[in-house]
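# An overview of the molecular structure
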Amino acid sequence: MGIGELDREAHVPEVTGAAAAPRTLAEALRARGDEGLAALLRARPDLLSPVPNDLTQLATRAGTRGSVVRALERLDRFALQTAEALAVGPDPAPYPVLLALLTGDEGDPEIEAALPGAVALLREQALVWGEDDRLRLVRTARELLAPSAQHPSPTGLGPTVAEATSGMSPGRVQEIIAAAGLPATHDPVSAVAALTGLFTDRERMGALLDTAAPEALAVLDRLVWGPPYGEVTANPAPPVRWLRDRGMLLPVSARTMVLPREVALHLRGGRAHRAPEPVPPELGVLREYRPQVVDSAAAGQAHVALATVEELLKSWDRGGPPVLRAGGLAVRDLKRTAAALDVTEETAAFWLELCHGAGLLASDGEADERYAPTPAYDHWLDLPAAERWALLVTPWLSATRTAGLVGGQDAKGRTLAALGPDLDRAPAPEVRHRVLALLATLAPGGAADPETLFARLRWERPLRGAAQIASEGAGAATDLRSRLARWTLAEAELLGLTGRGALSGPARALLNLPLAEAAAATAPGGGVELSVAADRAATLLAPLLPEAVDHVLLQADLTAVAPGPLRRPLADALAVLADVESKGGATVYRFTPGSVRRALDAGQTASDLHDFLKAHSRTPVPQPLAYLVDDVARRHGHLKVGAASAYLRCDDDTVLGEILADRRSASLGLRRLAPTVLAAQTDPASLLDGLRSMGYAPAAESAEGDVLITRADAYRTPARTAPVPVPDGPPAPDTTLLGAAVRAIRAGDRAATAVRKEPAAASTAAGALPRTSAAETLATVQAAAMTGSAVWIGYVNADGAASQRVIAPVRVEGGFVTGYDHTADEVRTYPLHRITGVAELADDQV
């Protein structure tokens, strides 16, 4: 049925009787129970925006092109193949005909077992309606899936004989049926019907093909599985002429012929698809590990993830790189970040996007905009390690920003930058959840074969993958869903959700799945909030993470080994006093003159540093390290730098003489003002850096002559919210909304289909608002209030929108009527002057 026919359903009497078959989609929906309507609205939430007034409007909306396309994109491969078979079959199609189109002459037990479920799914989503003896595909879906020259069908079938001969002359049609051995007819319609009957009769069609030359059969073999179109010359070869004369090839244009659908189905043995896929591809296991090994590996990677995020944000603690004019991070800054983290640029982009998605990193919004940690980062640092991990992975699961796209190009050929615009991909959260859920179907410790996982995802959403290939461009090697799945596997490993490719116990808790160790006691909750699931995951991860230590092991080679993650005060202090030389299970710090000077610049004294090393080392302080601290401290502050533009003073005038004589000081523009004072043409900061590069250890001083203590004051952006995911269509409605929507649609449908008595003053045209005089309106509603009966009213609101309602008046006074509105399912008050008219219901239909 077309959409125009659905619009007329408001005036079609409702079919009664259990045996009556629905004549329209609206009648089919009307026959459903409330659970069936709720299932439809849950599967297709776009139908709820806004809530339809009645079932006729719901049916009309369910047949619109945009809604049908969204529904088709969410079908699995076999449900889609079932819809495609209905699109090339008769309309309506009995269930046995549909089964034959999918199984062919030979039959297929798997298809026979899976087909009822596919038909039920299509019915539930209102893509198919009608009983099994009259299955109808929604007209819009048929138009989208039926073969055409502009949009070939995945079935590889072409047009029917009737469609291919629609513009052919009657004489030519008679020549074809004569060549095929059929008797002449009086009109083209019966001639086409006779030719169609020949092609669909297996016995007669087989006899006709037996007379064909092998070359003609070879031509049919090349076209039978599609595409069904082929080019011919002006003077085709004899095999092609033989087929053309008998209608097995029909002309589309002067140079193009098409294989009719009926001929192709005969050659295929009745099968619409070359390879029906009633069963999803099995998920292969690449390798199996003990669950404890998986959890340990995942916990180790989770610890590395926390350390990487902390290192990244600490390196931007005093302000990160600038924001590009078009938004995002420059390529050179991404390369520097990758080098600092010792990872690839792709991995560095992931960590940046992860911090951004968790609300820990943002732009400061200043005139010279740059990136910096947010105030939320300081709060994040104070949390236990497991909770910090949960605050990273929870937003990652629902984020639509996709780090894997960084470095690629958008539709206009512009490079996509990390932290920049155009990185949102709406299907990303669904793919992430689905990939992890598929991993959870394997036995605990099982690592999935990625190729089988990608094949499973393509089976579950074949149309969406094809659409995304088109949107990403013809150069895309795979569809976006497969690439999202590939990135998900890599990112889940980086975050510690998987270990060695297998799903970990904390990840199962995060997904609200049963745990491997307590599968009998823990069942999926289904409705548990993500925050609760994240707390469960953090609780499971906490004992697996390495415990923070409060000591280091000092070595004689001026290094310190941290045997585990350091507690925060110790880690912060040691980061100032020493440089990180290597990271891993045990972090190695190296003490250098520059690092010791950095601690002295921060206000520490030599005795403070000696006490700190003694207090936090399980080994004695090596003599070389003690000498290094004393030597740098002895020279620290020997020179004093202040602002003139800058000046340099020292009690030892020979040192100043050495500096003046050194060629490396030429760029500083030094000149002697006094035996112990030199003036410089550069600013104090440049003078400090220049002297330090020459091997000196100067100290900065204030205008009053006091030594300045330099601290790395943390720079923070104003409070920022994390980026909001871009929804993939309307959100899924909750149970409360579904219940209210079903009640409203039912009430509106009762009002729209109720049988009314004609008004006494004037008849009302079908579908029009009732029209009565003000006196008659008042008298009718007053009588209804006294008798407790319901009436049908026409109402125009303050915005001029007209509607029809069924109300049961309870009070009429002061120019208003108050009553129970069956359409809205609530008590309402209406001004009498806005009621266009009133009519009684026949036999109290409500």
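Residues numbered from 1 in each chain as written. Predicted model: local features only at pLDDT ≥ 70, side-chain atom pairs only at ≥ 80, totals over all residues. Heavy atoms only, no water.

If you trace the backbone, arginine 70 turns up in helix H5 (residues 65–73). Overall, the relative accessible area of 38% leaves arginine 70 in the partly exposed class. Arginine 70 sits 659 residues away from glycine 729 along the chain, and the two C-alpha atoms are 8.7 Å apart. Here the side chain of arginine 70 touches aspartate 46 through a polar contact of 3.3 Å, side chain to side chain. (Helix = DSSP H or I, 4+ residues; strand = E, 2+ residues; numbered from the N terminus. Buried < 20%, exposed > 50% of the residue type's maximum accessible area, 1.4 Å probe, protein only. Polar contact = N/O pair within 3.5 Å; in protein donor to acceptor, adjacent residues only side chain to side chain.)

Moving on: empty space enclosed by the protein. Scanning all chains against the criterion turns up 4 cavities of 30 Å³ or more. Here the largest cavity defines a volume of roughly 120 Å³. Surrounding the largest cavity, 14 residues form its lining, Glu353, Leu354, Trp396, Ala399 and Arg401 being those nearest its centre. The set of elements that each furnish at least two residues to the lining of the largest cavity consists of helix H19 (345–357) and helix H21 (385–398). Broken down by element, the residue count for the lining of the largest cavity peaks at 4 residues, all from H19. Residues that form the lining of the largest cavity fall into these classes: 8 nonpolar, 2 polar and 4 charged. (1 Å grid on protein atoms, 1.4 Å probe; cavity = no way out; pocket = protein on both sides within 12 Å on 5 of 7 lines; lining within 4 Å. Points joined across faces, edges and corners; volume = space filled by probe spheres on them. Nonpolar A, V, L, I, M, F, W, Y, C, P; charged D, E, K, R; others polar.)

For the rest of this paragraph, the subject is the sheet that holds strand E14 (residues 579–582). Here 4 strands make up an open sheet; going across it, the order is E12-E13-E15-E14 and the pairing antiparallel. In the strand order of this sheet, the two ends are held by strand E12 (553–554) and E14, each with one partner. (Pairing = 2+ DSSP bridges.)

Time to look at the nonpolar core. Formed by 87 residues in total, the largest nonpolar core has its most connected members in Leu29, Leu41, Leu58, Leu195 and Met248. Looking at this core element by element, the count peaks at 8 residues for helix H6 (residues 77–88). Leu352, Tyr371, Leu436 and Leu541 belong to the second-largest nonpolar core, a separate cluster that totals 71 residues. (Core = buried A, V, L, I, M, F, W, Y, C linked by side-chain atoms within 4.5 Å.)

Strand order in the open sheet formed by 5 strands is E24-E23-E22-E21-E25, with antiparallel pairing between adjacent strands. Two strands close off the open sheet at either side, each with one partner strand: strand E24 (826–831) and strand E25 (835–840). With strand direction ignored, the average angle separating the axes of adjacent strands in the sheet is 45 degrees. Strand direction decides the pairing type here: strand E22 (residues 802–813) and strand E23 (residues 816–821), joined by 6 bridges, are antiparallel. The residue of E23 that forms the bridge with alanine 808 is tyrosine 820. Strands strand E21 (791–796), E22, E23 and E25 of the sheet are contacted by helix H35 (residues 774–787), whose axis makes an angle of about 65 degrees with E22. (Axes fitted to C-alpha atoms, helices over the stretch in contact; angles between N-to-C directions. Contact = heavy atoms within 4.5 Å.)

As a further point, take helix H12 (residues 188–200). For H12, which comprises 13 residues, the first-to-last C-alpha distance of 18 Å matches the rise-based estimate of 18 Å (1.5 Å per residue) to within 8%. Taken residue by residue, H12 has Ala191, Val192, Leu195, Leu198 and Phe199 as its buried positions. Down the axis of H12, the smallest arc covering the buried residues is 120 degrees, so these residues share one side. On its buried face, H12 sits against helix H10 (161–164), helix H11 (170–179), helix H13 (202–210) and helix H16 (261–267). The backbone nitrogen of valine 189 lies 3.1 Å from a side-chain oxygen of the residue at the head of H12, namely aspartate 187. (Expected span 1.5 Å × (residues − 1). Arc of directions from axis to C-beta.)

In this structure the tally under the stated criterion is 37 salt bridges. Aspartate 132 is the salt-bridge partner of arginine 123, the closest N and O atoms lying 2.6 Å from each other. By relative accessible area, aspartate 132 is classed as partly exposed at 40%. (Salt bridge = Lys/Arg side-chain N within 4 Å of Asp/Glu carboxyl O.)

Considering the arrangement of structural elements, one finds threonine 165 in the loop between H10 and H11. Overall, the relative accessible area of 8% leaves threonine 165 in the buried class. Residues contacting threonine 165, with those up to four places away along its chain left out, are Val192 and Leu250.

To continue, consider the environment of valine 817. With respect to the helices and strands, the residue valine 817 is situated in strand E23. The class of valine 817 is buried, set by a relative accessible area of 0%. Expressed as a C-alpha distance, the spacing of valine 817 and threonine 829, which sit 12 residues apart in the sequence, is 5.6 Å. If near-sequence neighbours (up to four positions away) are discounted, valine 817 is found in contact with Val781, Pro809, Arg811, Val812, Arg828, Thr829, Tyr830, Leu832 and Ile835.

Our next topic: unusual backbone geometry. A cis amide bond, omega -5 degrees, links serine 49 with the succeeding residue proline 50. Mapped onto the fold, proline 50 is located in the loop between helix H3 (34–43) and helix H4 (55–62). Cis geometry marks the peptide bond from glycine 226 to proline 227, where omega comes out at -5 degrees. One non-glycine residue with positive phi stands out, namely alanine 126, at about 60 degrees. Positive phi outside glycine occurs at arginine 500, with the angle close to 60 degrees. Examined against the element boundaries, arginine 500 turns out to sit in the loop between strand E10 (498–499) and strand E11 (502–503).

Before going further, it helps to spend a moment on the packing of aromatic side chains. Counted under the stated rule, the structure contains 4 aromatic pairs. Each ring, one from tryptophan 316 and one from tyrosine 371, has its centre 6.4 Å from the other, and the planes form 25 degrees; the classification is stacked. Remark: tyrosine 371 occurs in strand E8 (residues 371–373) and tryptophan 316 occurs in the loop between helix H17 (291–315) and helix H18 (331–341); sequence separation between them is 55 residues. With respect to burial, tryptophan 316 and tyrosine 371 carry one shared label: buried. Here the aromatic rings of phenylalanine 350 and tryptophan 351 are separated by 5.1 Å at their centres, their planes lie at 55 degrees, and the arrangement is tilted. By the burial criterion, phenylalanine 350 is buried, and tryptophan 351 matches it. (Phe/Tyr/Trp six-rings, centres within 6.5 Å; stacked < 30°, edge-to-face > 60°.)

For histidine 638, the position within the fold is in the loop between helix H31 (623–635) and strand E16 (640–642). Assessed through its relative accessible area of 39%, histidine 638 is described here as partly exposed. As for histidine 638 and cysteine 650, which are separated by 12 residues in sequence, their C-alpha atoms are 6.5 Å apart. Every residue in contact with histidine 638, bar those within four places of it in the chain, is listed here: Arg649, Cys650, Asp652, Val655 and Ala697.

The next thing to look at is H19. Taking 1.5 Å of rise per residue, the 13 residues of H19 would be expected to cover 18 Å, and the 18 Å separating its terminal C-alpha atoms lies within 8% of that figure. Summarising burial for H19: 11 of the 13 residues are buried, a large majority. Listing the buried residues of H19 in full gives Thr347, Ala348, Ala349, Phe350, Trp351, Leu352, Glu353, Leu354, Cys355, His356 and Gly357. Residues of H19 that are buried in the fold lie against H17, H18, strand E7 (361–363), H21 and helix H25 (480–495).

Contact geometry of helix H22 (residues 428–440) with H25 gives a least axis separation of 9 Å together with a crossing angle of 60 degrees. Crossing handedness for the pair H22 and H25: right-handed. Contact residues: H22 offers Ala428, Glu430, Val431, Arg432, Val435, Leu436 and Leu439, while H25 offers Arg481, Leu484, Ala485, Thr488, Leu489, Glu491 and Ala492. (Left-handed = near helix turned anticlockwise from the far one by under 90°.)

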